[in-house]
2 protein chains.
Amino acid sequence: MMLRTRAQCLEADRNDPLAEHRDAFVLPPETIYLDGNSLGALPGAVDACLRATVTEQWGQGLIRGWNDHDWIGLPMRLGEKIAPLIGAASDQVIVADSVSVNLYKLLAAALALRPGRSVILSSEDNFPTDLYIAQGLCELLGKERCELLLVDRSRLVNSIGNNTAVVMLTHVDFRSGRLWDMQTITRHVHEAGALMLWDLAHSAGALPLKLDAYGVDLAVGCGYKYLNGGPGAPAFLYVAKTHHSHAAQPLSGWMGHAQPFAFSPSYEPAQGIRGFQTGTPPVLSYRALEAALTLWENVDLAQVREKSVRLSETFIELVEGSETLAEFDLNSPRQASERGSHVAFAHPFGYAIMRALIDRGVIGDFREPDLLRFGFAPLYTRYVDVWDAVEHLRGVMLNREYETSQHQAPKRVT
Amino acid sequence: MMLRTRAQCLEADRNDPLAEHRDAFVLPPETIYLDGNSLGALPGAVDACLRATVTEQWGQGLIRGWNDHDWIGLPMRLGEKIAPLIGAASDQVIVADSVSVNLYKLLAAALALRPGRSVILSSEDNFPTDLYIAQGLCELLGKERCELLLVDRSRLVNSIGNNTAVVMLTHVDFRSGRLWDMQTITRHVHEAGALMLWDLAHSAGALPLKLDAYGVDLAVGCGYKYLNGGPGAPAFLYVAKTHHSHAAQPLSGWMGHAQPFAFSPSYEPAQGIRGFQTGTPPVLSYRALEAALTLWENVDLAQVREKSVRLSETFIELVEGSETLAEFDLNSPRQASERGSHVAFAHPFGYAIMRALIDRGVIGDFREPDLLRFGFAPLYTRYVDVWDAVEHLRGVMLNREYETSQHQAPKRVT
C-alpha cells in the first residue's frame, strides 16, 4: 500500500519488523540520514568494542593480542560473518585491504585463470576506481596480456567474446542505483568461457545475494556502506571454492603465506581464500567492522529488501506526486526490481539543492553533473524519515533556498 | 659509563632527557615490555582520539567527516608528520595501505623508471614479506621483465650490476638488528645506475634517518612498531621528489587520481606523492596513528639514538657479564654503530626461555630457530627495565623454569 500521509508512514514504522534494529545505531538528533550507501551510520556497539580493543587488548595485552585476542584470525573471522550476507558458503570470503586493492588481486588472478584471453570487459559507467585499477593492471602487463574494454551497458552482453577473460561489473550502479541481473549476466559470461567478477559495494547489506547459487567466480565489496564498518572500513573479497586450487594473486605478502611465522624466504601461498591476504591487517578498523557485523546476525535479508523497496518507492512516489518537485527527473529505474537501495534524481540546480537540504539536516549526497542521491538503509531508515525528507525538499524548493546558500565545490567520498 | 648496579640504572633514568615521554604511554603493571620493535605500546592519547573520531566525527558528522574533519587529508597529513622522522622534506611521504602493498607499488614504479633493467636485488635475510612481494611481482611480469636476485649480505654490493633496476633492503635486520650503512649502499647503488628502496620498518622512530641527504629514491615503513600506531597500523611510503614527474604505480585506485570526485572513467594520477594512494583509507586506524605521531613533535632523534644505544649496550653487557647466562650467544653486532634498537641472543632452548620470561612479565619475542629478541623503545623503555629484565632472565635460568613450562608453537607477528 502506498503511504500517502505522515500518519501512514508512522504506522508503517510501527509495523516494521526491522524497526528494533534502529536502536542499535547512534544517530545525530534533528538529522535525516539518507547517505548510508556512502558511509553507514555508527552502530552503538563500536565505541565499546574499540575502547576494549585499545585499552585492554592493545594497551594491556600488547603483542600478545595477536594470539590472545585472535587478531590474526580477524580477516577470516570477519569474512565468515559477511559470507551469509552474500550467499556464500564458508571459507570463500576474507576481509582485506580496500576494494581497489582487492580488485587488483582478483583481476590478476582472473587473467591467470584464463590464459590466452586478455580482455577485461566492463561497462563505461562502472565505478571509476574499478576502471582505474583495471587500467593500472593493463598498463603494467601490456596490451597483449591485458586490455580493458569498456562498453555501454546495453551492449555488455553482446560484447563478451572469445578473448574475454573476465567481466567486471558493479552490481548496483553508484549513480542511478540500477541493478545488473546477476544471474543472467553470470550465465552469459560463463557460456563464453569467461569469469565473472562482481563489485558488491552498494549491494552487501542492501539486498539478498546468491553468489554460490549463481556460480559467481569472484567478488569484492565494501565494509563502510551498508555494513556500517566506519569510514574507510576494510573491504572484502570472495573467491568461489571451485577456483581455490588454481587461483593465485600477485600481492603475495606474508599474511597470505602458508606459514607466515616460519619466515621462509620463498613464498608459498596458504590454501584457499587465506592466500588472498597481503600485509598485516589494521586491527582497530577490523574490530570496528566486527562490532558492526554482529548487527546482522538475526537479520532476514528478505525483510531488508522488502523494506528497502518500500522506502524507495515511497520516496519516488512522494517526489513524483508533488507539483513543487516537478522539475526533479528520476535518474533511477522506475521498476523497483531493477534498483538497489538508493534513488537518484537529476535537477539542474542539484548541487545547491543538496547543500540546502543538508543545511536543513537532510543528508543525501550529490554526484556530478546534476544528481541528488538518496540512500535507504533498512536497518535504520524509517518511513517517516522519507516523508520528512520530501517535505524538506519541498521546503527548499518553495523557499528557493538553493539560490541563497553559498557553498564550495563538492569534495565527498561515496 | 657502564651501568653496573640497579641503583645506577635508576640514576640513569632520573637523568634521562626522554624520561617524561614515558608518561605519554599506558603500560600494563608488573610488565617489562621489550617488544616495541614488534608492536609499539599504547599512547594514552589514542583512546580519547578514537572515541572522538567514532562518537563525534563519525557518529554525529557522518559522511560530512570527510570534509569537516579532513579525513580525506589523513594520508598526506600523517605523511607530513612522519617526514621529519626519516629526514624527508615535505610532500614526499604518504601514509597508505600496508608495508607489503606499498612495496609492490614502489617495486613496480622502480622497474618502470629503469627500463631495460629487470633485476630486483636483495639480501637473502631480508624480511620475508619484502621478498614475497617481489616474487609476486616477478611472477606476474615474467623473468624477462622482473627477476628477484637474492644474495648473502656480504656479497650485496658486488652483486649490483648493469641489469639491476632496484636494490631493496631492510635497513635494520629483523632478526639480528644489524644495520645496513644507508649512505654507502645508496651511493653504490646509484653508481651502478640503479634505484635504492629502503624498508624502514625497524628504523623509523628508532634512530635518526637522512633519506633526502643520502639521495634515497624510495622507501617504505611501518606504523605499528616504534611509531606506536597500534596493531596493523597503516604503513608509509616515500618517493624522492626527483622522481615525482616520472614515477607511476600500478595500484591506481581512485584516491590516487588527480580528481577523485570528478568520477572520470580514465585514470589520471595526482601530482607527486598523492598519486601513490590507492583505495579509501581506513580512517579509524589512521586516527590512532595520528594520535601516536603527535608524541614525536618535540622529540630529538639524536637523544633517541643515544638512549637506544645505551639501553642496548647495558643489556648486552649485563648478559655477557653474568656467568649464569654464559650460554646466550649474541646474534647482533657487538658494535653499537652497526645495530638498530633491538638485540637478539641465540640459545638452544630459546623458545621455552622466552615463554618462561613472558610468564614473569618480561615480554620480548622469539624468532626461529633459536633467537630471543629484545627491543628497546627509548620513549618508554627505562634503564631499570633493562636491569630487571636481565635479573628475570637469570632467574629463569637459575630455576630452570624453561624446563617446566609447557607451551604451544609460536604464532606471533613482528
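Before reading further, recall that the structure is shown in the block above.
These figures come from a predicted structure and were not determined experimentally.

Criteria and cut-off values
- Residues numbered from 1 in each chain as written.
- Chains lettered and ligands numbered in written order.
- Predicted model: local features only at pLDDT ≥ 70, side-chain atom pairs only at ≥ 80, totals over all residues.
- Axes fitted to C-alpha atoms, helices over the stretch in contact; angles between N-to-C directions.
- Helix = DSSP H or I, 4+ residues; strand = E, 2+ residues; numbered from the N terminus.
- Parallel < 35°, antiparallel > 145°, perpendicular 65-115°, else oblique.
- Left-handed = near helix turned anticlockwise from the far one by under 90°.
- Contact = placed C-beta atoms within 7 Å.
- Nonpolar A, V, L, I, M, F, W, Y, C, P; charged D, E, K, R; others polar.
- Core = buried A, V, L, I, M, F, W, Y, C linked by C-beta atoms within 7 Å.
- Buried ≥ 20, exposed ≤ 12 C-beta atoms within 10 Å, placed from the backbone.
- Pairing = 2+ DSSP bridges.

(A) Geometry of the packing of helix H5 (residues 99–113) of chain A against helix H6 (residues 128–141) of chain A. All names here are of chain A. Two numbers describe how H5 lies on H6: the axes approach to 9 Å, and their chain directions differ by 45°. Considering the angle they form, H5 stands oblique to H6. In the crossing of H5 with H6, the sense of the turn from one axis to the other is right-handed. For the pair H5 and H6, contact is made by Val 99, Ser 100, Leu 103, Tyr 104, Leu 107 and Ala 108 and by Thr 129, Asp 130, Ile 133, Ala 134 and Leu 137, respectively. Its residues assigned to classes, the contact of H5 with H6 comprises eight nonpolar, two polar and one charged.

(B) View of the nonpolar core. Counting residues in hydrophobic clusters, the biggest one holds 292 residues, and the most contacted among them are Leu 107 of chain A together with Leu 107 of chain B. In this structure Leu 107 of chain A touches Ile 120, Ile 133, Ala 134, Leu 137, Val 166 and Met 168 of chain A, once residues within four positions along its chain are discounted.

(C) Here's a closer look at the sheet that holds strand S11 (residues 329–330) of chain B. All names here are of chain B. The strand order S11-S12-S15-S14 describes an open sheet built from four strands, whose pairing is antiparallel. Each having just a single partner strand, S11 and strand S14 (365–367) make up the two edges of the open sheet. Across five bridges, strand S12 (residues 342–346) lies against strand S15 (residues 371–375) in antiparallel orientation. Bridging across to S15, Val 343 finds its partner in Phe 374.

(D) Region of interest: the interface of chain A and chain B. With 77 residues of chain A at the contact, the number on the chain B side is 77 residues. When contributions to the side of chain A that touches chain B are tallied by element, the ones reaching two or more residues are helix H2 (45–60), helix H3 (65–68), H5, H6, helix H9 (283–293) and strand S14 (365–367) of chain A. When residues in the side of chain A that touches chain B are grouped by element, the largest group, 10 residues, is from H6 of chain A. Class assignment of the residues belonging to the side of chain A that touches chain B gives a composition of 45 nonpolar, 21 polar and 11 charged.

(E) Region of the structure containing the sheet that holds strand S10 (residues 236–239) of chain B. All names here are of chain B. Across the sheet, which stays open at both edges, the seven strands sit in the order S4-S10-S9-S8-S7-S5-S6 with mixed pairing between neighbours. Edge strands, defined here as strands with exactly one partner in the open sheet, are strand S4 (93–95) and strand S6 (147–151). Adjacent strand axes in the sheet meet at a mean angle of 20°, parallel and antiparallel pairs treated alike. Judged from the four bridges that link them, strand S9 (residues 218–221) and S10 form a sheet pairing that is antiparallel. For Ala 219, the partnering residue across the bridge sits in S10 and is Tyr 238. Contacting S4 and S10, helix H4 (residues 74–82) runs over the sheet at an angle of about 125° to S4.

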